[in-house]
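Observations on chain architecture
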Amino acid sequence: MSVTGFVVVALAIFFASAMQASIGFGMGMLAAPIVAIVDPGLIPATLIMLAVVVSVLVLVRDRTALDLSGAGWALAGRLPGSALGAVLLVLLPERGLAILLALVVLGGVALTSFGWVPLPHKRNLVVAGAASGILGTATSIGGPPMALVWQRNTGAELRSTMSCFFLVGSLISLAVLAVAGAVDAHTATLFVFLAPATVLGFLLSRVVNRVLDRRRLRITAITVSAVGALVLVGQQVLALM
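Residues numbered from 1 in each chain as written. Predicted model: local features only at pLDDT ≥ 70, side-chain atom pairs only at ≥ 80, totals over all residues. Heavy atoms only, no water.

**Considering the pattern of salt bridges**
Scanning the model with the defined rule gives 2 salt bridges in all. A salt bridge links aspartate 62 to arginine 61; its shortest N-O distance comes to 3.3 Å. The exposure class assigned to aspartate 62 is buried, which follows from its relative accessible area of 9%. The exposure class of arginine 61 is partly exposed, given its relative accessible area of 22%. Between arginine 159 and aspartate 62 there is a salt bridge whose closest N-O contact spans 3.1 Å. Here arginine 159, found in helix H8 (residues 155-179), pairs with aspartate 62, found in the loop between helix H3 (45-61) and helix H4 (68-91); they are 97 residues apart in sequence, far enough to count as distant. Residue arginine 159 is classed as buried on the basis of its relative accessible area, which comes to 10%. (Salt bridge = Lys/Arg side-chain N within 4 Å of Asp/Glu carboxyl O. Buried < 20%, exposed > 50% of the residue type's maximum accessible area, 1.4 Å probe, protein only. Helix = DSSP H or I, 4+ residues; strand = E, 2+ residues; numbered from the N terminus.)

This is the structure:
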């Protein structure tokens with residue numbers, strides 16, 4: 001990777017980390033399309049490793065607002081979802097998988113925009129956790145399903161609960177990816193060099209959090225989900241041209 005390429009990736013990680021630390025997700029949504037252009041080998045493993053760092057920092061900061069029960073039910077769906085995501089990553093064409101998953105996210109965003117708000121009860125949490133496992137393990141973008149089911153939560157509760165879910169879920173995804181051979185020296189080395197950008201992004205979130213009330217938080221979460229999915233589709237379409 002060139003120096004310019006590294007700077008571009010580091011900046012993407014910096015802003016993506018700030019987003020995730022502010023609304024509970026966003027690392028993969030914002031950074032993955034940019035990182036894929038510069039160095040596709042960093043997806044999904046390196047981004048998931050960096051997401052672990054953000055999740056730990058946010059969980060420590062907002063731990064008093066954690067909904068442990070909700071995170072637990074979501075994690076019940078994450079494990080089988082992660083396994084399926086790894087299988088899809090190996091068996092299906094990358095472009096087709098990315099477009100399919102992005103369309104699923106857009107469908108959920110559309111339903112939410114028209115007033116559909118899934119209640120965070122056990123069944124929905126398990127289903128959302130499974131969908132997040134598939135998305136996160138296959139593409140490093142696992143936030144939208146959880147953002148949809150937890151969209152009515154307050155700022156600190158949303159961030160801490162999603163961080164708890166992503167911390168454990170990301171470790172599960174990394175274990176599955178390691179078995180599948182998707183974690184290597186290259187992904188680990190770049191993780192070490194990019195970790196400082198992640199920490200700086202977390203520090204920036206302290207400023208961002210002061211201007212995000214409950215309404216703005218919900219709108220931002222839905223908007224980021226839609227934009228990220230559209231970018232993912234656009235990226236794959238441009239690759240065909």
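**Points about the packing of aromatic side chains**
A full pass over the atoms with the stated rule returns 3 aromatic pairs. Seen in terms of ring centroids, tryptophan 150 and phenylalanine 165 are 6.3 Å apart; in terms of plane orientation they differ by 80 degrees. Their pairing is edge-to-face. A residue pair is termed long-range when its members are at least 10 positions apart, and tryptophan 150 in the loop between helix H7 (143-149) and H8 and phenylalanine 165 in helix H8 qualify at 15 residues. For the pair shown, tryptophan 150 and phenylalanine 165 are each scored as buried. Each ring, one from phenylalanine 165 and one from phenylalanine 166, has its centre 5.2 Å from the other, and the planes form 65 degrees; the classification is edge-to-face. What makes phenylalanine 165 buried here is its relative accessible area of 0%. Feature note: the residues Trp150, Phe165 and Phe166 constitute an aromatic cluster, connected by ring pairs. (Phe/Tyr/Trp six-rings, centres within 6.5 Å; stacked < 30°, edge-to-face > 60°.)

**Here we look at empty space enclosed by the protein**
One pass over the full model with this rule turns up 2 cavities of 30 Å³ or more. The calculated volume of the largest cavity comes to roughly 180 Å³. Gly28, Ala51, Ser140, Gly142 and Phe166 are the residues nearest the centre of the largest cavity, which is lined by 19 residues in total. For the lining of the largest cavity, the class distribution of residues is 8 nonpolar, 10 polar and 1 charged. (1 Å grid on protein atoms, 1.4 Å probe; cavity = no way out; pocket = protein on both sides within 12 Å on 5 of 7 lines; lining within 4 Å. Points joined across faces, edges and corners; volume = space filled by probe spheres on them. Nonpolar A, V, L, I, M, F, W, Y, C, P; charged D, E, K, R; others polar.)

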